[in-house]
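Residue-level listing of the chains:
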Amino acid sequence: SDQTNLKSGSIAHLEALADAVKTNPRAKDITLVGNADDSASPEYNERLSEARAREVASYLMRRGISQDQIKVKSAGSTQPVVSNINQAGRQLNRRVDIYIGK
C-alpha cells in the first residue's frame, strides 16, 4: 500500500521482458498502466498509480529500453482485477499492467 518500489519477483520478470523487447524487432511500443486499490481519494490514486508505472519505466530504461518506446498511463483505482473488499484483493489491484505492441 502507498508504495512504488519494485518487488524482487517483479524485477526478474522485468529483466526477462527487457531482454525480449531488445531482441524482438516487432516489439516497438510498451505501454505501462499503473493501478491502485480504492483505499485513498481518486486524485491520490491517480498520482500513485502513475508513479508506479514511472518506476517500471525507469527500470526498463536502465535495462536498455529506449524512452521513446515507453508510454506511461495511470488508471488510478478505476480498473480493479478483483474486489477491494479485503487486503488480498487490494494488494492484487496495486499493479502495473504492461502492453507490448508493434
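This text goes with the structure placed above it.
This is a predicted model, so every value here is computed, not measured.

Enquirer: How should a nonpolar patch on the surface be read in this particular structure?
Expert: Together, Val81, Val82 and Leu92 line one region of the surface with nonpolar side chains, adding up to about 250 Å² of accessible area. As for its placement among the helices and strands, Val82 is situated in the loop between strand E2 (70–74) and helix H3 (87–93).

Enquirer: Just checking my understanding: could you explain the sheet that holds strand E1 (residues 29–34) for this structure?
Expert: Sheet strands associate in pairs through backbone hydrogen bonding, adopting either a parallel or an antiparallel arrangement. Overall, mixed pairing links the three strands, which are arranged E2-E1-E3 in an open sheet. The open sheet is flanked by E2 and strand E3 (96–101), the only strands paired with a single partner. Pairs of neighbouring strands in the sheet enclose a mean axial angle of 20°, with direction left out of account. The pairing of E1 with E2 spans five bridges and is parallel. Counterpart to Thr31 in the pairing with E2 is Lys71.

Conventions we followed
- Residues numbered from 1 in each chain as written.
- Predicted model: local features only at pLDDT ≥ 70, side-chain atom pairs only at ≥ 80, totals over all residues.
- Heavy atoms only, no water.
- Patch = residues over 30% accessible without salt bridge, like charges linked within 9 Å, V, L, I, M, F, W, Y side chains within 5 Å.
- Areas by Shrake-Rupley, 256 points an atom, 1.4 Å probe, with all protein chains shown as cover.
- Salt bridge = Lys/Arg side-chain N within 4 Å of Asp/Glu carboxyl O.
- Helix = DSSP H or I, 4+ residues; strand = E, 2+ residues; numbered from the N terminus.
- Pairing = 2+ DSSP bridges.
- Axes fitted to C-alpha atoms, helices over the stretch in contact; angles between N-to-C directions.

By themselves, these figures tell us nothing about what the structure is for.
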